[in-house]
Amino acid sequence: MTDRTLLLKNALVLATMDDTRREIADGAVFVRGAAIVAVGPTGDILAVHGHEANEVIDLAGHVLIPGLVNTHHHMFQSLTRATPAGQDAELFGWLTAHYPIWSHITPEMFHVSAVTAMSELVLTGCTTSSDHQYLYVNGATLDEAIHAAQRVGIRFHAARGAMSVGVSKGGLPPDAIVEEEPAILKEMQRLVERWHDPSRFAMLRVVLAPCSPFTVSDDLMRESATLARHYGVSLHTHLAENDNDICYSLEVYGKTPAQYVEDLEWVGPDVWHAHCVKLDETAIQLFGRTGTGVAHCPCSNMRLASGIAPIRQMRAEGVPVGLGVDGSASADSGNMLGEARQAMLLARVGFGPQAMSAREALELATRGGAKVLNRDDIGQIAPGFAADMVAFDVRGLDFAGAQADPVAALVFCTPPKAGYSVINGRVIVREGQLATIDLPRQVEAHNAASRLLMVKAGLA
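Residues numbered from 1 in each chain as written. Predicted model: local features only at pLDDT ≥ 70, side-chain atom pairs only at ≥ 80, totals over all residues. Heavy atoms only, no water.

A. Spotlight on the overall build of the protein. Within the protein, the regular secondary structure consists of 15 helices and 17 strands. Its C-alpha atoms give the protein a radius of gyration of 21 Å, within 12% of the compact-globule value 23 Å for 460 residues. The principal-axis extent of the C-alpha atoms belonging to the protein is close to 70 × 45 × 45 Å. Split by element, the accessible area of the protein, about 16600 Å² in all, is 52% carbon and sulfur. (Helix = DSSP H or I, 4+ residues; strand = E, 2+ residues; numbered from the N terminus. Rg over C-alpha atoms; globule rule 2.2 N^0.38 Å. Areas by Shrake-Rupley, 256 points an atom, 1.4 Å probe, with all protein chains shown as cover.)

Next comes the structure, spelled out in structure tokens:
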């Protein structure tokens, strides 16, 4: 692998997102194996490395940026996009409408849906993704998603979620789809020992991720944190997503969500929480002080009318913030560049035109996501970083008239599909085509699985 070399040249603009936020006209990148070796103007890179490249890709008319980093997803939900159930509900109503449907998902459906979700992500510029899988029914395991990531070629943080408190114990999910906590912890340990790779440029890491305050117990939160820190893996959960979420924490625990996670030692640079729409000022300061991360999911937050997360205030207090597409049944899309656009627009709706710039949105989607996932090897195009890069062709109709600032145009204009995607030094998307998956067959298999799921749930 280290003998493989790649040269990307003639990029219209190379937006490095490095520590100086350098943008290079007519930019080039030289890659050896999985690592970026050199970055600069095409002429300079050709002079030094032109003769070394096994493969050369001409990016004339393309904007080259770091691969986008998705910090929150529920990939199995791509089987239930835009279903009539819960279309016009807030979070709790939406969940209770979907739980009975999801209870029929099989291991094969989990795998098929993960391949679909990952393919969509890669084709829209994502090179690293997490997946918070919290539902385990009919013999399913997290291994189905892990094998999907290996097929697609995406860098993957597999989050072993869990639900252990059903309706009979005061939780939200039906008792039939929750698990026993000893079995959850045993499975978490198995997955970490089997799959987690702590090395630099790791393509696969495991995360421990009890689902939410309204689906798990204090004991599971504490035990999973102890287990995670024993093995040196990250922690993830949902937090402060909407008003009902806040009310549940106050009524059941007598604490705000931030007090809840602080008491359980679920704060620190090895922890990130999804949504955090309703974090108050004290909570934001806590997260900033401890380096606790946030996965901002604007499309899902809007779809479920959860509210507008105070991202500008979070960043001002030093909170690490990344973007997440969330589940494809609450965002109904897995487009990371589209998520960056919505993050910018939603911030402006809530807090004014200075609340977020296009480049700040791209920063959340790249460097921000890397920080949230506790990685120092992705998120920017710089020597020594993983060769994760995506190029977008800006010569088409959607970018006509946007040539004055093509980097900002990636966020302001219609989100394009990736022309090229390089992950860990490997070309995964070439001229807009995914090289690892037969997409027509995959879509056919996915739709067949979705139809079968609806039949099993009595909805077709």
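Let us keep going from here.
B. Geometry of the packing of aromatic side chains. Overall, the coordinates contain nine aromatic pairs when judged by the stated rule. Both rings, one in phenylalanine 92 and one in phenylalanine 214, keep their centres 4.7 Å apart while their planes meet at 55 degrees; by these two values the pair is tilted. Residue phenylalanine 92 is located in helix 2 (residues 91–102), and its partner phenylalanine 214 is located in the loop between strand 9 (204–210) and helix 6 (218–231); the two are separated by 122 residues in the primary sequence. When sorted by exposure, phenylalanine 92 lands in the same class as phenylalanine 214, which is buried. One aromatic cluster is present, formed by Phe76, Trp94, Tyr99, Trp102, Phe110 and Tyr134 through successive ring pairs. (Phe/Tyr/Trp six-rings, centres within 6.5 Å; stacked < 30°, edge-to-face > 60°. Buried < 20%, exposed > 50% of the residue type's maximum accessible area, 1.4 Å probe, protein only.)

C. Seen up close, the pattern of salt bridges. For the coordinates displayed, the defined rule picks out 21 salt bridges. A salt bridge links aspartate 388 to arginine 155, with the nearest nitrogen and oxygen atoms 2.9 Å apart. Placement of the pair is aspartate 388 in the loop between helix 13 (358–372) and strand 14 (389–393) and arginine 155 in strand 8 (residues 155–162), with a sequence separation of 233 residues. For the pair shown, aspartate 388 and arginine 155 are each scored as buried. A salt bridge links aspartate 263 to lysine 255; the nearest nitrogen and oxygen atoms lie 3.1 Å apart. Through salt bridges with shared partners, a single ionic network connects Arg21, Arg315 and Glu363. (Salt bridge = Lys/Arg side-chain N within 4 Å of Asp/Glu carboxyl O.)

D. Fine view of the packing of helix 3 (residues 107–123) against helix 15 (residues 439–456). It is the contact of helix 3 with helix 15, at a shortest axis distance of 9 Å, that shows an interaxial angle of 135 degrees. Taken together, the axis directions place helix 3 and helix 15 in an arrangement best described as oblique. Of the two elements, helix 3 crosses helix 15, and the hand of that crossing is left-handed. Counting all contacts with helix 3, which are made through Met109, Val112, Ser113, Val115, Thr116, Ser119 and Leu123, the residues of helix 15 involved are Leu439, Gln442, Ala445, His446, Ala449, Leu452, Leu453 and Lys456. (Axes fitted to C-alpha atoms, helices over the stretch in contact; angles between N-to-C directions. Parallel < 35°, antiparallel > 145°, perpendicular 65-115°, else oblique. Left-handed = near helix turned anticlockwise from the far one by under 90°. Contact = heavy atoms within 4.5 Å.)

E. Examining the nonpolar core more closely. Judged by nonpolar contacts, the single largest core of 126 residues is most densely connected at Trp102, Leu135 and Phe287. Here the element with the most residues in this core is helix 3; it accounts for 10 residues. Setting aside its immediate chain neighbours within four residues, tryptophan 102 contacts Phe76, Gln77, Thr80, Trp94, Leu95, Tyr134, Leu135, Val137 and Ala329. Judged by nonpolar contacts, the second largest core, of 21 residues, contains Leu8, Ala11, Ile24 and Ala382. (Core = buried A, V, L, I, M, F, W, Y, C linked by side-chain atoms within 4.5 Å.)

F. The arrangement of unusual backbone geometry in detail. Although it is not a glycine, aspartate 26 sits at a positive phi angle of roughly 50 degrees. Inspection of the secondary structure assignment puts aspartate 26 in strand 2 (residues 23–32). A positive phi angle, near 60 degrees, is found at asparagine 138, a position not held by glycine. With respect to the helices and strands, asparagine 138 occurs in the loop between strand 7 (126–133) and helix 4 (143–152). The exposure class of asparagine 138 is partly exposed, given its relative accessible area of 48%.

G. Spatial organisation of helix 1 (residues 42–49). Within the sequence span of helix 1, burial applies to Thr42, Ile45 and His49. End-on view of helix 1: buried residues confined to an arc of 70 degrees, all on one side of the axis. Counted as exposed and oriented over 90 degrees from the buried face of helix 1: Asp44 and Ala47. The elements touched by buried residues of helix 1 are strand 1 (5–15), strand 2 and strand 3 (35–41). (Arc of directions from axis to C-beta.)

H. Local environment of helix 15. Between its first and last C-alpha, helix 15 extends 25 Å over 18 residues, near the 26 Å set by a 1.5 Å rise per residue. Three or more residues of helix 15 are buried, namely Gln442, His446, Ala449, Ser450, Leu453 and Met454. Considered in projection along helix 15, the buried side chains sweep an arc of 135 degrees and stay on one side of the axis. Turned more than 90 degrees off the buried face of helix 15, the exposed positions are Pro440, Arg441, Glu444 and Arg451. Where the residues of helix 15 are buried, they touch helix 2, helix 3 and helix 4. Looking one or two residues beyond helix 15, the residue adopting positive phi is glycine 458, at roughly 75 degrees. (Expected span 1.5 Å × (residues − 1).)

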